[in-house]
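Structural description and commentary
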Amino acid sequence: MMFAAPPEQSLEWSDEGVQGSYRFLKRFWHAAVDHAEAGPVTALDPASLDDAQKALRRKTHQTIAKIGDDLGRRNSFNTAVAAAMELLNAINKFDDASDAGRAVEHEALEAVVIMLSPMTPHICHALWQQLGHETALIDQQWPEFDESALELDMIELVVQVNGKLRGRVAVPADADKAAIEALAIADENVQRFIDGKDIRKVIVVPGRLVNIVV
Amino acid sequence: MTTPYKPEIVEQEAQQHWVEARSFEVDEDPNKEKFYCLTMFPYPSGKLHMGHVRVFTISDVIARYHRMLGKHVLQPMGWDAFGMPAENAAIRNQVPPAEWTYKNIEDMRGQLNRLGYAYDWRREVTTCRPDYYRWEQWLFTKMFEKGLVYRKNSVVNWDPVDQTVLANEQVIDGRGWRSDALVERREIPQWFMKTTAYADELLDELDRMPGWPDSVKTMQRNWIGRSEGVELSFDVKGENDPLTVYTTRPDTLMGVTYMAVAAEHPLAAKAAADSPEIAAFVEECVKTDAAEATLETMEKKGMPLGISAIHPMTGDEVPLWVANFVLMSYGTGAVMAVPGHDERDWEFAKKHAVEIKQVIAPADGSEIDIQEQVFIEKGVLVNSGEYDGMDYETAFNAIADYFEETGRGRRTVNYRLRDWGVSRQRYWGTPIPIIYCDDCDAVPVPEEDLPVVLPEDVTVTGTGSPLKDMPEFVNVACPNCGKDARRETDTFDTFVESSWYFARYACPDSDTAMLDERAAYWTPVDQYTGGVEHAILHLLYSRFFQRVMRDEGLTDVSEPFTNLLTQGMVLKDGAKMSKNKGNTVDPQELISR
């Protein structure tokens, strides 16, 4: 019911919706139980994670921030549930049985269990035990948001104007072409060589350089 | 294979843990940050419906979330147990309303527990129990002492099928909201609570309530409907008494071409004495209902009275009409009509071939044809003698000053808000604690004789309250002089119970006070969730009642609900899920599946 619509709007009842929710709960259950039954988990060391593990961790903490805002400020329960479902999808796609991988997955699963517990308290109560806890979930605090988990790696790109090196810019590792172009054009040093001129083309070689043709 | 998901077992184990660990029972802890999370409590109709489930779940999610933030969360539950459905069920099923109600409460409590909501059940409040309603009876007697309640003969909406008085809001298109019967206008003595005494405070505070949706605040403002205008009088040809009218547009005074009075106005009665047609018209008006919403949409009818008023500025004769759209209860029961600049007056004038005069022109100088279309905007005065060329504010003040200086009028503030009529001619409600003595008139029941207990073992027949036929209830000695006297048999509007229940959850077991220091800890409600259909009445009554309790020294809190969330309806196939429509989905079925 919380998923189908925001609280102030009317909610169109759908029997299929109920089926869908039930299927989700089963997937959720198995994701957590399969993980728990695969053995003990080592402590998470944020400093020694590979890119894929960092990406899942980032997703976990983005979701913590989003759901906290949805529940705390916006009263938007449908988007909170949707965000939890997205994180669960990311967890299910994540295929890494190494110690570090399992640690990151554990953090993600615990976060989903805690964050969904206001909406689906019964299943979360059981899954919390499955994940190895002896204290009850009802007495658990909201997950702590780790800002450092959100940090994106930055990479340096060379900026050329008509093939000649004119500047360098730092861009986020997952920035898209439009963002890279904008950053390159805005660079102070680059501006000196394009000011007043028509930009005919911008060539972006991801991870390496931007060439502005005027 | 991994452990399978077994919902029934998972649910049962979780619920068992919460019960054994008393997870949701909370006491007043000064070292913790409190968070009072409340849903509008349900009427125990017998079974939960989807609207209930949605609203309780929303509130439960919020309560559980704030608990995880480390707050000390109170989420109580109770029952708005008085009301008409219990009587209707009693007639249908031959069971006393009390018995039917208590059984429903048991069933619904079970359903709520099955859903696993995080309630502190020790604080359960049931409004049909004397240990609850004794306090609203007590407060009523205190209000009586202070003049905050009074008895008045008034025109009310009489539902001939349900045999009761309905609030204007319970009349839809001239018919009773539950019975669908055509409502009649009747005069009946009723008890009123003086909500208007708090009108300005209730209005002004809305500007300082960021936790409420703008839409609800607007509805409250419109309901209170404060307007600033001028009361002014017209002499009437052949009469000693002048005719007083209220207007928010004194700037259009020169455009008055007729006056209209309510059917109950003395001048209408006078004219009716000499004219059977007028008398017939007046009677027809009196019979139809008094709801304002109906007034707006219904056909505007009227008749000339053959009496003229004298325009206080021009000296012209202005004909008087009796009309069905003027309410005796609003303002003075008479209006000055300016068809050029008021939509309703324009329509009426067109229909009855009354003169339409233009006295306001658009400020930007554009041309208008007042005979084709009414011009309601404020602008610049024309055809208004010495006031020509003035804008609205200047004209308002100039004309108001004139009337004040010549002693023929004054600036006044008017409200759309009416005092709250709390009498209901029904059995299943809180008895109004008044005793009628032939010598002493209406006497409030003394504190030591409260509560006036509603007898529960009764037979409801459907033709008026059984209390009237119970001498053991009705006969009593006058508390003042000791002579034989009679108890009031009317009961309170059930909105009275829902106007303070939120505070009582804090101290449900107190038998020494309506509210004690526990209420000071928990109130105001931090998050209140419920249906938007209660945006006006329930919320306004509660805001009023809270202030009455404050002024009685019971609490320091003025605004009962800090943050408000109004939920939307649950629909099926595009229509509201409604028992009357037969398109409900039963939560009980889903729970079992």
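Quick caveat: nothing in here was measured; it's all calculated off a predicted structure.

Before going further, it helps to spend a moment on the overall build of chain B. Helix and strand content of chain B: 17 helices and 29 strands. Along the first, second and third principal axes, the C-alpha set of chain B runs to 90 × 65 × 45 Å. When each of the 593 residues of chain B is scored for burial, the buried share is 57%. Relative to all contacts within chain B whose residues are 6 or more apart in sequence, the contacts with residues 24 or more apart total 72%. Of the roughly 25800 Å² that chain B leaves accessible, carbon and sulfur atoms contribute 48%.

A separate point is the domain arrangement of chain A. Interfaces are often sized by the accessible area lost when the parts come together. The domain architecture assigned to chain A consists of domain 1 (15-150) and domain 2 (154-213). Look at where the C-alpha atoms of domain 1 of chain A and domain 2 of chain A centre, and you get two points 39 Å apart.

Here we take up the sheet that holds strand β2 (residues 154-161) of chain A. Residue and element names in this part refer to chain A. Strands sit in the order β3-β2-β5-β4 across an open sheet of four strands; the sheet is mixed. Two strands lie at the open edges of the sheet, namely β3 (164-172) and β4 (201-205), each paired on one side alone. Taken pair by pair, the neighbouring strands of this sheet meet at an average axis angle of 20°, ignoring direction. Note that β2 and β3 share eight bridges and pair antiparallel. Following the sheet pairing, E156 is matched in β3 by A170. Here helix α6 (residues 177-186) sits on the sheet in contact with β2, β3, β4 and β5 (209-213), set at roughly 130° to β3.

Attention now moves to unusual backbone geometry. Residue and element names in this part refer to chain B. Residue L450 is joined to P451 through a cis peptide bond whose omega torsion reads 5°. With respect to the helices, strands and loops of the structure, P451 is situated in the loop between β22 (441-444) and α13 (471-474). Phi angles above zero are rare outside glycine, and R22 is one such case at about 50°. Looking at the element boundaries, R22 is found in the loop between α1 (7-20) and β1 (34-39). Positive phi values are uncommon outside glycine, yet D173 reaches one of about 55°. The topology assignment puts D173 in the loop between β7 (171-172) and β8 (175-176).

Now for helix α4 (residues 97-115) of chain B. All names here are of chain B. In a regular helix each residue adds 1.5 Å, so 19 residues correspond to 27 Å; α4 covers 27 Å between its end C-alpha atoms and thus fits that length. Where α4 is concerned, the buried positions are P97, A98, W100, T101, Y102, N104, I105, M108, R109, Q111 and L112. Just beyond α4, the residue with positive phi is G116, at close to 75°.

Let's shift gears to the sheet that holds strand β24 (residues 484-487) of chain B. Residues and elements named next belong to chain B. With antiparallel pairing, the four strands of this open sheet are ordered in space as β22-β21-β24-β23. One side of each edge strand has no neighbouring strand; the edge strands of this open sheet are β22 and β23 (475-477). Between one strand axis and the next, the sheet turns by 40° as a mean value, whatever way the strands run.

In this section: the pairing of strand β14 (residues 317-323) of chain B. Residue and element names in this part refer to chain B. Most of β14 is tucked away: five of the seven residues are buried. The sheet contact formed by strand β13 (residues 302-310) and β14 spans six bridges and is antiparallel. In the sheet register, A309 faces β14, and the bridge partner there is V318. Remark: six residues form the turn of the hairpin made by β13 and β14, two consecutive strands paired antiparallel; G315 in that turn has positive phi of roughly 80°.

On to the environment of A:C124. Residues and elements named next belong to chain A. Mapped onto the elements, C124 comes out in helix α5 (residues 121-130). A relative accessible area of 0% places C124 in the buried class. Here the alpha-carbon distance between C124 and F28, two residues 96 residues apart in the chain, equals 9.6 Å.

Reading guide: rules and limits
Residues numbered from 1 in each chain as written. Chains lettered and ligands numbered in written order. Predicted model: local features only at pLDDT ≥ 70, side-chain atom pairs only at ≥ 80, totals over all residues. Heavy atoms only, no water. Helix = DSSP H or I, 4+ residues; strand = E, 2+ residues; numbered from the N terminus. Buried < 20%, exposed > 50% of the residue type's maximum accessible area, 1.4 Å probe, protein only. Contact = heavy atoms within 4.5 Å. Areas by Shrake-Rupley, 256 points an atom, 1.4 Å probe, with all protein chains shown as cover. Domains from an automatic or database assignment. Pairing = 2+ DSSP bridges. Axes fitted to C-alpha atoms, helices over the stretch in contact; angles between N-to-C directions. Expected span 1.5 Å × (residues − 1).

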